[in-house]
Structures are given as structure tokens and as C-alpha cells.
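So you can see what is in the structure, the chains are spelled out below.
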Amino acid sequence: GPADIMCTSRCPNSCRLRLVHMISAGPVAQRRLDRLVVKSGGATRFVRVVDIEWIEAAGVYVNLHINPLSGPQPGSKEILYRSSLAELADRLDPARFIRVHRSTMVNIESILQLEPISHGEFDVVLKSGARTRISRSYRAQLEQRLGQSL
């Protein structure tokens, strides 16, 4: 952050320029991610956010469920990523990802249909065939995002 920059009398202009650039770029937490950097087995992978179909909480991690049609090897993929669901939700585009349960988020582009269960709850059926539940408490959020009621 800005506290990391030390200005010396030898470089006040370059220091000011770096500081102005950092301030104008805004806080990192407010920028939306387009890729996740995932370290696994000694390799570092780049996962495009648009390829994520849905995300489920797994303690201090999340399971990223990757669209089975994306990537070099088509097929259902799960990738463990070190982040809480709440932290990741703050960094993803809310126009694309919506919380449907306290432990689940879905990519709205991946939703194929909703099937009623009971008492205002629905199963969310994704294009891959995967299913997750939308709880009553998150239904209003989805309706607001869609601009219409379910």
C-alpha cells in the first residue's frame, strides 16, 4: 500500500507518480477478479472466472466447480481454492455470481432451470446437470438480480 513507499530526496517525482498511480488504481479489494491463481501440486494454474459454474464452501477453502466444457480437458472438474466463500464473493462480479445458499454461489450464466421443492425453496439445475439448492433467504436476492419474481 501507500505506506510501503519511501520517498527520498533523490526521487521525489517518481515516488509521487507511483503514489498517484496506486491511489488512482483504487483498493485491491474493490477490483473484480477475472482469474484465480490456484497453486496445487507444485504447479500454478490460472482459472478463468467465466469457466466457474458454481462454488461451494469447504471450511477455509472453497470448491470451484469448473464448467465441464471449458479448458483443455473437458469433463467435470473441482478445484480447491484457499479462500472463504464470503471473501471470494466480495471479489467476484455480482452481475455474474449470485449467492443461493449460505454455502453456495452460482454463475448465473450456468443456470439452466429452477425446480420447485417446497415452501419457496428451489433446486437450481445447472447446464452441466449439477444441482444445488436455493434457500428461501437467498431467493429474494436472485429475484432482485433477475428483475422478476420466481
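Note: the structure precedes this text.
Scoring rules and cut-offs
Residues numbered from 1 in each chain as written. Predicted model: local features only at pLDDT ≥ 70, side-chain atom pairs only at ≥ 80, totals over all residues. Heavy atoms only, no water. Salt bridge = Lys/Arg side-chain N within 4 Å of Asp/Glu carboxyl O. Pairing = 2+ DSSP bridges. Helix = DSSP H or I, 4+ residues; strand = E, 2+ residues; numbered from the N terminus. Core = buried A, V, L, I, M, F, W, Y, C linked by side-chain atoms within 4.5 Å. Buried < 20%, exposed > 50% of the residue type's maximum accessible area, 1.4 Å probe, protein only. Contact = heavy atoms within 4.5 Å. Axes fitted to C-alpha atoms, helices over the stretch in contact; angles between N-to-C directions.

### Quick word on the pattern of salt bridges
Using the criterion set out here, one finds 6 salt bridges in the structure. A salt bridge links Arg48 to Asp51; the nearest nitrogen and oxygen atoms lie 2.9 Å apart. For Asp123, the salt bridge identified is with Arg131, shortest N-O distance 3.2 Å. When salt bridges with common partners are traced through the structure, they connect Glu115, Asp123, Arg131 and Arg133 into a single cluster.

### A few points about the pairing of strand E2 (residues 43–48)
In this sheet, E2 lies alongside strand E1 (residues 35–40) in antiparallel orientation, the contact comprising 6 bridges. If you follow Leu36 over to E2, its bridge partner there is Val47. Counting the residues that bridge the hairpin from E1 to E2 gives 2 residues, and of these Gly41 lies at a positive phi of roughly 60°.

### Digging into the nonpolar core
In this structure, Leu36, Ile52, Ile55, Leu64 and Leu88 are the most contacted members of the largest nonpolar core, which totals 16 residues. Every element with two or more residues in this core is listed here: E1, strand E3 (52–58), strand E4 (61–66), strand E5 (77–81) and helix H2 (85–91). Beyond its immediate stretch of four places on either side in the chain, Leu36 contacts Arg45, Phe46, Val47, Val49, Ile52, Leu64, Tyr81 and Leu88. Judged by nonpolar contacts, the second largest core, of 10 residues, contains Trp54, Ile98, Phe122 and Leu126.

### Regarding the sheet that holds E4
Read from one edge to the other, the open sheet built from 5 strands follows the order E5-E4-E3-E7-E6, with strand pairing classed as antiparallel. Bordering the open sheet on either side are E5 and strand E6 (97–101), each of which pairs with just one other strand. With strand direction ignored, the average angle separating the axes of adjacent strands in the sheet is 25°.

### Points about the environment of Leu64
Looking at the element boundaries, Leu64 is found in strand E4. What makes Leu64 buried here is its relative accessible area of 0%. Separated by 17 residues in the primary sequence, Leu64 and Tyr81 have C-alpha atoms spaced 7.0 Å apart. Beyond its immediate sequence surroundings of up to four residues, Leu64 is in contact with Leu36, Val38, Ile52, Trp54, Ile55, Lys77, Glu78, Ile79, Tyr81 and Leu88.

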